[in-house]
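Chain residues, written in single-letter form:
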Amino acid sequence: MKRLVFIVIILAIFGCKKDDRGQLDKNAMISIWPSGAATTTKATNHLSNYEIVRQTYDISFYNLSMFETSAARMFTKDQRDTVNIRLLMFGRDIIDQFGNYVPDFIEGNDFVIRRNLATPIQTPIWDTIAYIPNAVIKSARATIQKAYAEENYTEVYRVFNEAFTFIPCGGEEWRALKRTLQN
């Protein structure tokens, strides 16, 4: 009898083991934080991290396997978190509401955060104010793809919240950086 009770207890413990892979969250958000390595001073002539978040209009990037030209994602007022100093994108930009992997954004490169210097009725005048290094995107992509394949949504959402970081940068700096990286 003791042996039967012991077996029932073991089955109850292991049979009720909690799945720590999490659930698909259709309302998940992606956080884009200032890089901890980024320093913004008057000498660099960059906007502060707060001003970058406050003034961001969109993020522009390339994914030539999906789009013939650059693509962009706009940010609404609700996607500019000036309290926690971060930008927010919809998780559906990487995993859609049906649980499908979406390559449009995450498989892109050359991500620049821009503000629009024109008034609303004019043609946009884009000003680069920050960028996300390609290495940051590639690292996040690899981790997300692995976790997604394992249906480990807890890990996917951890990466959504922690991995994406931007570095303040002006347009001329960005172009110089791209020239340097291409050589």
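From a predicted model like this one, the values you see are computed outputs, not experimental measurements.

Describing the overall build of the chain
Then, in step 1: If you tally the helices and strands in the chain, you get six helices and eight strands.
Then, in step 2: From first element to last, N terminus to C terminus, the chain shows the α and β order α-β-α-β-β-β-β-α-β-β-α-α-β-α.
Then, in step 3: Within the chain, buried positions represent 39% of all 183 residues.
Then, in step 4: Taking the contacts inside the chain whose residues are at least 6 apart along the sequence as the reference set, 68% of them involve residues at least 24 apart.
Then, in step 5: Summed over all atoms, the accessible surface of the chain reaches about 11,400 Å², with 55% contributed by carbon and sulfur.

Section: the sheet that holds strand β3 (residues 71-74)
Then, in step 1: Strand order in the open sheet made by the eight strands is β3-β2-β6-β7-β8-β1-β5-β4, with mixed pairing throughout. Among the strands making up the open sheet, the edge pair consists of β3 and β4 (80-81).
Then, in step 2: Sheet topology places strand β1 (residues 29-34) next to strand β8 (residues 164-168); three bridges connect them, and they run parallel. If you follow isoleucine 32 over to β8, its bridge partner there is phenylalanine 164.

What to know about the pairing of strand β5 (residues 86-90)
Then, in step 1: Counting buried positions along β5 yields four of five residues, so the element is predominantly enclosed.
Then, in step 2: Here β1 runs beside β5; their pairing, made up of four bridges, is antiparallel. Residue isoleucine 30 lies in a different strand from β5, and its bridge partner there is methionine 89.
Then, in step 3: Taken together, the two bridges between β4 and β5 define a ladder with antiparallel strand orientation. Paired with arginine 80 across the strands is leucine 87, a residue of β5.
Then, in step 4: Counted along the chain from β4 to the antiparallel partner β5, the turn is four residues long, and its residue isoleucine 85 has a positive phi close to 55°.

Focus: the confidence of the model for the chain
Then, in step 1: In this model, the chain carries an average pLDDT of 85, and 83% of its residues clear a pLDDT of 70 or more.
Then, in step 2: The least confident element of the chain, judged by mean pLDDT, is helix α1 (residues 2-15) at 40; the most confident is β4 at 97.
Then, in step 3: Under a pLDDT of 50 for its full length, residues 4-19 has, in the predicted model, two contacts with residues more than four places off or in other chains.

Quick notes on helix α4 (residues 134-149)
Then, in step 1: Spanning 16 residues, α4 covers 22 Å between terminal C-alpha atoms, matching the ideal 22 Å at 1.5 Å per step.
Then, in step 2: Within α4 the residues assigned to the buried category are Val136, Ile137, Ala140, Arg141, Ile144 and Ala147. Buried residues along α4 cover an arc of 140° about the axis, so they all sit on one side. Of the exposed residues in α4, the ones pointing more than 90 degrees away from its buried face are Ala135, Lys138, Lys146 and Ala149.
Then, in step 3: Structurally, α4 contributes buried residues whose contacts are with α3 (103-106), β6 (109-116), β7 (126-132), α5 (153-162) and β8.
Then, in step 4: Looking at the residues trailing α4, positive phi occurs at glutamate 151, about 55°.

Section: the environment of isoleucine 106
Then, in step 1: With respect to the helices and strands, the residue isoleucine 106 is situated in helix α3.
Then, in step 2: The exposure class assigned to isoleucine 106 is buried, which follows from its relative accessible area of 0%.
Then, in step 3: Residues isoleucine 106 and phenylalanine 61, 45 residues apart in the sequence, show an inter-C-alpha distance of 10.0 Å.
Then, in step 4: Discounting residues that sit within four places of it in the chain, isoleucine 106 has contacts with Ile94, Tyr101, Ile137, Arg141, Ile144 and Phe164.

Considering the pattern of salt bridges
Then, in step 1: For the structure on display, the rule yields nine salt bridges.
Then, in step 2: Put simply, lysine 146 and glutamate 150 hold a salt bridge, and the shortest N to O gap is 3.0 Å.
Then, in step 3: Its relative accessible area of 54% is what places lysine 146 among the exposed residues.
Then, in step 4: A salt bridge links arginine 158 to glutamate 155; its shortest N-O distance comes to 2.7 Å. Of this pair, arginine 158 and glutamate 155 both sit in helix α5, three residues apart, roughly one helical turn.
Then, in step 5: Salt bridges linked by common partners bring Glu155, Arg158 and Glu162 together as one network.

Analysis parameters
- Residues numbered from 1 in each chain as written.
- Predicted model: local features only at pLDDT ≥ 70, side-chain atom pairs only at ≥ 80, totals over all residues.
- Heavy atoms only, no water.
- Helix = DSSP H or I, 4+ residues; strand = E, 2+ residues; numbered from the N terminus.
- Buried < 20%, exposed > 50% of the residue type's maximum accessible area, 1.4 Å probe, protein only.
- Contact = heavy atoms within 4.5 Å.
- Areas by Shrake-Rupley, 256 points an atom, 1.4 Å probe, with all protein chains shown as cover.
- Pairing = 2+ DSSP bridges.
- pLDDT = per-residue confidence, 0-100.
- Expected span 1.5 Å × (residues − 1).
- Arc of directions from axis to C-beta.
- Salt bridge = Lys/Arg side-chain N within 4 Å of Asp/Glu carboxyl O.

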